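# Structure assessment
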Amino acid sequence: DAGITQSPRHKVTETGTPVTLRCHQTENHRYMYWYRQDPGHGLRLIHYSYGVKDTDKGEVSDGYSVSRSKTEDFLLTLESATSSQTSVYFCAIGPEGNQPQHFGDGTRLSIL
Amino acid sequence: GENVEQHPSTLSVQEGDSAVIKCTYSDSASNYFPWYKQELGKRPQLIIDIRSNVGEKKDQRIAVTLNKTAKHFSLHITETQPEDSAVYFCAAQSTGGFKTIFGAGTRLFVKA
């Protein structure tokens with residue numbers, strides 16, 4: 001299995017609170033991604049990173065920010081969580097060239 | 001923008017029958033096509049992939065075909081077993097691209 005660790009694995013929080021999810025990799029891959037998965041919507045890209053301090057928006061980036069200060073860590077922050085952000089969040093990593101992405105085990109986030 | 005359409009959204013087959021999932025991509029620059037299987041509560045995992053210089057690839061009971069002219073690619077599972085029950089995602093990447101465009105997923109049920 002690819003060396004990807006997501007933390008926390010589960011979180012329940014209240015509307016309006018800030019939330020940070022962490023993705024840690026040991027593969028030294030350049031590219032890292034955050035997706036959310038909701039019933040009927042498949043995998044939707046939130047943000048991605050193509051290097052340290054280099055990030056860009058995906059298709060559903062509103063309400064989310066990211067940071068990558070080290071190759072191995074990619075953080076996803078919900079500044080003020082809303083109930084619509086209740087979802088399963090997957091981190092993925094990808095090497096150079098046309099190679100498959102590999103996913104972490106996911107974080108189940110519930111916002112009440 | 002780039003898009004991958006996947007059909008059907010749900011597929012139910014009898015154990016031992018074959019299952020076929022079809023995808024169509026829009027970006028003519030796409031040249032790498034991975035397939036992922038996601039079991040309930042688990043992360044998506046790569047099961048097979050194909051590159052644009054190949055028309056077909058097999059791995060035991062699963063095979064993938066690619067028709068570049070029509071921009072179609074398909075996953076074939078033969079002699080289905082209950083453990084094949086899962087959600088399957090097709091995806092497309094382009095040369096030099098690091099973003100993967102995912103289909104919406106197909107939920108496969110294999111009835112014993």
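Preceding this section is the structure that the text describes.
Below, the structure is looked at part by part. (Residues numbered from 1 in each chain as written. Chains lettered and ligands numbered in written order. Predicted model: local features only at pLDDT ≥ 70, side-chain atom pairs only at ≥ 80, totals over all residues. Heavy atoms only, no water.)

The next thing to look at is the packing of aromatic side chains. Inspection of the entire model under this criterion finds 14 aromatic pairs over all chains. With a centroid separation of 6.4 Å and an interplanar angle of 45 degrees, the aromatic rings of Tyr48(A) and Tyr50(A) are classed as tilted. Residues Phe33(B) and Phe73(B) carry aromatic rings whose centres are separated by 4.8 Å and whose planes lie at 45 degrees to one another, so their mutual orientation is tilted. Pair noted here: Phe33(B) is in strand 4 (residues 30–38) and Phe73(B) is in strand 8 (residues 72–77), with a separation of 40 residues, a long-range link. Across the pair, exposure class does not vary: Phe33(B) and Phe73(B) are buried alike. Following the ring pairs from residue to residue traces out a cluster consisting of Tyr33(A), Tyr35(A), Tyr48(A), Tyr50(A), Phe90(A), Phe103(A), Tyr36(B) and Phe102(B). (Phe/Tyr/Trp six-rings, centres within 6.5 Å; stacked < 30°, edge-to-face > 60°. Helix = DSSP H or I, 4+ residues; strand = E, 2+ residues; numbered from the N terminus. Buried < 20%, exposed > 50% of the residue type's maximum accessible area, 1.4 Å probe, protein only.)

This part takes up the pattern of salt bridges. Residue and element names in this part refer to chain A. In total, this model carries 8 salt bridges over all chains according to the counting rule given. One salt bridge in this structure joins Asp 38 and Arg 36, with 2.8 Å as the shortest N-O distance. When sorted by exposure, Asp 38 lands in the same class as Arg 36, which is buried. Several salt bridges converge on common partners, so that one network encompasses Arg 22, Lys 70 and Asp 73. (Salt bridge = Lys/Arg side-chain N within 4 Å of Asp/Glu carboxyl O.)

Take the sheet that holds strand 7 (residues 62–67) of chain B next. All names here are of chain B. In spatial order, the strands read 1-3-8-7-6; together these 5 strands make up an open sheet with antiparallel pairing. Looking at the sheet topology across the chains shown, the edges are occupied by strand 1 (4–7) and strand 6 (56–59). Looking at each pair of strands side by side, their axes are set apart by 15 degrees on average, direction ignored. As judged from the 6 bridges shared by strand 7 and strand 8, these two strands associate in the antiparallel manner. Its bridge partner being in strand 8, Val 64 is matched across the sheet by Leu 75. (Pairing = 2+ DSSP bridges. Axes fitted to C-alpha atoms, helices over the stretch in contact; angles between N-to-C directions.)

To continue, consider the sheet that holds strand 3 (residues 19–25) of chain A. All names here are of chain A. The strand order across the open sheet formed by 4 strands is 1-3-8-7, and the pairing between neighbours is antiparallel. Of all strands in the sheet, those with a lone pairing partner are strand 1 (4–7) and strand 7 (64–70), marking the two edges. For this sheet, the mean inter-axis angle between neighbouring strands, taken without regard to orientation, is 15 degrees.

If you look at the interface, chain A gives 18 residues, while chain B gives 22 residues. Between chain A and chain B the total buried area reaches about 1,700 Å² when both faces are included, carbon and sulfur atoms providing 52% of it. The three residues of chain A that bury the most area against chain B are Leu43(A), Asn98(A) and Phe103(A), which together make up 34% of that side's buried surface. Across the chain A-chain B interface, the total number found is 1 salt bridge. Seen at the junction of chain A and chain B, the total is 6 residue pairs in polar contact (both at pLDDT 80 or more). Among the residues making up the side of chain A that touches chain B, the classes are represented as 9 nonpolar, 7 polar and 2 charged. (Contact = heavy atoms within 4.5 Å. Buried area = accessible area lost by both parts, 1.4 Å probe. Polar contact = N/O pair within 3.5 Å; in protein donor to acceptor, adjacent residues only side chain to side chain. Nonpolar A, V, L, I, M, F, W, Y, C, P; charged D, E, K, R; others polar.)

Residue and element names in this part refer to chain A. Burial of the side chains of strand 11 (residues 107–111) is restricted to one face: Thr 107, Leu 109 and Ile 111 are buried, whereas none of Arg 108 and Ser 110 on the reverse face is. Relative to strand 11, strand 2 (residues 10–13) runs parallel, the two sharing 4 bridges. In the strand pairing of strand 11, His 10 is matched with Arg 108. As paired elements, strand 9 (residues 87–94) and strand 11 share 3 bridges and run antiparallel to each other. Counted as the bridge partner of Tyr 89 is Thr 107 from strand 11.

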